[in-house]
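Residue strings, one per chain:
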Amino acid sequence: MKIQSAETERHVLAVTVDNEPGILAKITGLFTARGYNIDSLTVADISTDHAISRITIVTNGPPQVIDQIEAQLERLVPVHKVTDLTAAGPHVERELALIKVAGTGDKRVEALRVAEIYRANVVDTTTSSFVFELTGTPEKVNSFITLMRELGLVSVGRSGVVGMMRGSGGA
Amino acid sequence: MAQQSGAALLMESLVRQEVEFVFGYPGGAVLPIYDELFGDERIRHILVRHEAGAAHAAEGYARATGKPGVVLVTSGPGATNAVTGIADAFLDSIPMVVITGQVPTGLIGTDAFQEADTVGITRHCTKHNYLIKDPADLVATVEEAFRIATTGRPGPVVIDIPKDVQIAVPSKSRANPNAGAHRYAPQMVAPADQIAEAVDMIANAQKPVFYTGGGVINSGPRASQLLRQFQDLTSAPTTSTLMGLGAFPNTHPDWLGMLGMHGTYEANLAMNQADVMVCIGARFDDRVTGRLDAFSPDSKKIHIDIDRSSINKTVPVDLGIVGDCATVLEQMIAAWGDRAGQDLGEWKARIAGWRARECLAYPERSKANPQAIMPQKAIERLYHLTKDRSPIISTEVGQHQMWAAQYFGFDAPNKWLTSGGLGTMGYGMPAAIGAQLGHPDALVIDIAGEASIQMNIQELGTASQYRLPIKVFILNNEYMGMVRQWQELTYESRYSNSYSDSLPDFVALAEAYGWKGIRIEDEGDLDAGILRMMEHDGPVIVDCCVAKDANCFPMIPSGAAHTEMLLYGDQVEGTMDDEAKALV
């Protein structure tokens, strides 16, 4: 007998919640308890009185599971609204990365040149290293990191995806 | 006026919620609350013998009365002991508010004496939970907790209160900033277009079936009335899950009996062959569906549920309607108007053919113990002799539970208390205690097995203390019968640890607790024993010794379809492939 698995698709969910103790544990625990996946998760409070937080979750699963994830999230009392940005239509996804590259000579020059192409900012420098700040889609960040790997990549920090609907309405 | 302490505020809040009973057990971290209870006549505290008993008693009370059950336990082991009952209430959607003591706020996280992360432990088996950090939050939190526990899809809510919060006075006057109505508003009424579509589907069905569940009971007695009314308009054959028994009368000609793993042949085949299935307050549990890819393959499915996450969870449906059962049934009755519906004569004739298989006709005598009472017979006699008193029946978990569901008839809601989702052995006796407190004049019987009853046997003392005349009717076959049955089906009758060795003398045990004990060994004494049980004005254990080898049929083996039922007389001993073995 073999363990079975199904075809999955990637979805970005925007979740607004009451900013109260334990809410993040409730959400991440729900994913663990029901066997759902989290590719990335970002959270920060977004209202002036710090009462509401917005969580962006990138997940993957078969369509039926994605539907369940939304329904199960909505079942949690502190959850106000769940929007499946992937299903809802055109949306923006952005991620911030800090990338440290060390090297001298041609590699250092090349790293700076590539960073200009990607519109990455230099936020720290020494004579033998840079820390780049890069904002973009996960694909853009991935491809930048791939290039930096050849040019002396030391470490990477990524924020995970934040997403929002395009246009004047919606989440 | 001096400001009230957290414990006093809690008491006032409970009184405001019209709480009659608190099921609990004292301990260090709840002493301030227990001191408030002392001498307060407005709330009656029921002292159980183990916190699991408190939670199940609260469940039984809630299930039998429709009101929320309230539990009060101490921190650490008090809370962890209650967790099984909380998880049980979560899976069966039972309204319950559990107040747990916690170590003082300054000691939280220090591995203090009797500290457990109650909020963490109960996070995924409660509908919601709270840790109160200031008495100022208590009143609003208790109000919201009761609202969450009792409305929408009901469920358990835990309020964890550190000991210093029980003693302190509010630091400032403030309400819970999150307690606004915005954040929890279950959808009760269904959109009119969905109702119209559903009614059209039902009206055009040639082979409809109503598949009802615990949601109809949870929606209140009015939902059961409306179900009967809507069935009367449509004349659709009706079946129910274990949790929904009683919503539709067992004496009705269109009643198919329970469906699912141990459901009737006619109910399961009607589900399999139906062209329109209307699921009302049920959740396509694996006990009900059997093998998913073979579940009711040709039907259009309508699913009415107050919990959106139940819809399309395991079985994709054609029309999902989010709403309260009673409200939606009322909307459908109004939308049905004076339609005639289809002639269901042919469909009912087919069902009559399935009924003729008499799937519940069990062998008269056991092969191994030809003299012994058949357990099915014992339940049948119990039903016939008690039904005029409209008893409340609770059960433990196992074969006896399924036999009770099959052979005891229910014609009203809130009369059947059983652990369906979690399947918790030891549920029945404390649940009977809770039900008896809610209905002091009712005949309350826990139909038990000799193994399950031992899981919360300590609650005998609770019934004695409060003079509760509950009856415990044990079908004693000296086996964890359902385990043994599965071992016969799957593991070539290797009875690994399923024999109930070293059983107590249940009659002597009853007497030790001040109960009456009755043993029934011969079929000739069955009726007389049951009558003696009913006549005794106090708690009774009946140790009914039944055939040791009897198994529970019909049965859909794990991994099988509704059409592959095992019936009495089928050869069942053997083994299974690994895919089937892996299913529960």
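Residues numbered from 1 in each chain as written. Chains lettered and ligands numbered in written order. Predicted model: local features only at pLDDT ≥ 70, side-chain atom pairs only at ≥ 80, totals over all residues. Heavy atoms only, no water.

Colleague: Would you take a moment to explain the packing of aromatic side chains for this structure?
Modeller: For any two aromatic rings, the description comes down to two numbers: the centre-to-centre distance and the angle of the planes. Summed over all chains, the structure comprises 20 aromatic pairs over all chains. On the basis of an interplanar angle of 40° and a centroid distance of 6.4 Å, the ring pair of Phe-21 of chain B and Phe-23 of chain B is categorised as tilted. When its relative accessible area of 0% is taken as the criterion, Phe-23 of chain B is described as buried. Centre to centre, the rings of Tyr-383 of chain B and Phe-408 of chain B are 5.0 Å apart; their planes meet at 55°, and the pair counts as tilted. Taken together, the positions of Tyr-383 of chain B in helix 15 (residues 375-386) and Phe-408 of chain B in the loop between helix 16 (399-407) and strand 14 (416-417) put the pair 25 residues apart, joining distant regions of the chain. Taken together, the ring pairs in this structure connect Tyr-118, Phe-130, Phe-132 and Phe-144 of chain A into an aromatic cluster. One residue, Arg-357 of chain B, lies across the ring of Tyr-265 of chain B, its end atom 4.9 Å from the ring centre. (Phe/Tyr/Trp six-rings, centres within 6.5 Å; stacked < 30°, edge-to-face > 60°. Buried < 20%, exposed > 50% of the residue type's maximum accessible area, 1.4 Å probe, protein only. Helix = DSSP H or I, 4+ residues; strand = E, 2+ residues; numbered from the N terminus. Lys NZ or Arg CZ within 6 Å of the ring centre and 35° of its normal.)

Colleague: What is the right way to look at the interface of chain A and chain B in this model?
Modeller: With 20 residues of chain A at the contact, the number on the chain B side is 23 residues. Taking both sides of the interface into account, the surface hidden between chain A and chain B amounts to around 1,900 Å²; carbon and sulfur atoms contribute 48%. The three residues of chain A that bury the most area against chain B are Met-1, Arg-75 and Val-77 of chain A, which together make up 33% of that side's buried surface. Scanning the region where chain A abuts chain B turns up 3 salt bridges. Joining chain A to chain B, the criterion identifies 7 residue pairs in polar contact (both at pLDDT 80 or more). Secondary-structure elements contributing two or more residues to the side of chain A that touches chain B are helix 1 (23-33) and helix 2 (63-75) of chain A. At 8 residues, helix 2 of chain A tops the list of elements feeding residues into the side of chain A that touches chain B. Tallied by class, the residues present in the side of chain A that touches chain B amount to 6 nonpolar, 6 polar and 8 charged. (Contact = heavy atoms within 4.5 Å. Buried area = accessible area lost by both parts, 1.4 Å probe. Salt bridge = Lys/Arg side-chain N within 4 Å of Asp/Glu carboxyl O. Polar contact = N/O pair within 3.5 Å; in protein donor to acceptor, adjacent residues only side chain to side chain. Nonpolar A, V, L, I, M, F, W, Y, C, P; charged D, E, K, R; others polar.)

Colleague: What exactly am I supposed to notice about the domain arrangement of chain A here?
Modeller: Note on interface size: it is often stated as the accessible area lost on association of the parts. Residues and elements named next belong to chain A. Once the domains are mapped, chain A shows domain 1 (9-88) and domain 2 (91-165). Between the C-alpha centres of domain 1 and domain 2 the distance comes to 28 Å. Domain 1 puts 10 residues into the contact, and the matching count from domain 2 is 10 residues. Taken together, both faces of the contact between domain 1 and domain 2 bury some 790 Å²; the carbon and sulfur share is 60%. Taken as a group, Arg-10, Thr-42 and Leu-85 account for 48% of the area that domain 1 buries against domain 2, more than any other trio of residues on that side. In this assembly, domain 1 and domain 2 are joined by 1 salt bridge. (Domains from an automatic or database assignment.)

Colleague: Sorry if this is basic, but what is going on with the domain arrangement of chain B here?
Modeller: All names here are of chain B. As far as domains go, chain B holds domain 1 (6-174), domain 2 (192-355) and domain 3 (375-545). With 7 residues of domain 1 at the contact, the number on the domain 2 side is 8 residues. Regarding the contact of domain 1 and domain 2, the summed buried area is about 690 Å², with carbon and sulfur atoms giving 46% of it. Across the pair Asp-307 and Arg-153 runs a salt bridge, and its minimum N-O distance is 2.7 Å.

Colleague: Please explain the sheet that holds strand 5 (residues 128-131) of chain B as it appears in this structure.
Modeller: Strand pairing in a sheet relies on backbone hydrogen bonds, with the paired strands running either antiparallel or parallel. Residue and element names in this part refer to chain B. Spatial ordering of the open sheet is given by 2-1-3-4-6-5, a layout of 6 strands whose pairing is parallel. Single-partner strands in this sheet number two, and they are strand 2 (44-47) and strand 5. On average, adjacent strands in this sheet sit at an angle of 20° to one another, irrespective of strand direction. Two elements, strand 1 (residues 21-24) and strand 2, share 4 bridges in a ladder whose sense is parallel. Considered in strand 2, the bridge of Val-22 is made with His-45. Most of the contacts of helix 6 (residues 138-150) go to strand 6 (residues 156-162), to which it runs at about 160°, and overall it touches strand 3 (69-73), strand 4 (96-102), strand 5 and strand 6. (Pairing = 2+ DSSP bridges. Axes fitted to C-alpha atoms, helices over the stretch in contact; angles between N-to-C directions.)

Colleague: Mind showing me how you'd approach the environment of Leu-30 of chain A here?
Modeller: Residue placement: Leu-30 of chain A occurs in helix 1. With a relative accessible area of 8%, Leu-30 of chain A lands in the buried category. On a C-alpha basis, the gap between Leu-30 of chain A and Val-92 of chain A in space is 26 Å, while along the polypeptide they are 62 residues apart. If sequence neighbours within four positions are ignored, Leu-30 of chain A has contacts with Ala-25, Tyr-36, Gln-72, Leu-73 and Leu-76 of chain A together with His-124 of chain B.

Colleague: Looking at this model, I keep getting lost on the side chain of His-303 of chain B. Mind explaining?
Modeller: Residue and element names in this part refer to chain B. Looking at where His-303 falls in the secondary structure, it is placed in strand 11 (residues 300-305). Among the polar contacts made by the side chain of His-303, one reaches the side chain of Asp-305 at a distance of 3.3 Å. Apart from residues no more than four positions distant in its own chain, His-303 is found in contact with Cys-279, Ala-282, Arg-283, Phe-284, Ser-310, Ile-311, Val-317, Leu-319, Gly-320 and Ile-321.

Colleague: Where do I start with the confidence of the model for chain A in this structure?
Modeller: Low-confidence regions, as indicated by low pLDDT, have predicted coordinates that should not be scrutinised in detail. In the predicted model, chain A carries a mean pLDDT of 95, and 100% of its residues have values of at least 70. The secondary-structure element of chain A with the lowest mean pLDDT is helix 1 of chain A, recorded at 94, while strand 7 (residues 129-136) of chain A shows the highest, at 98. (pLDDT = per-residue confidence, 0-100.)

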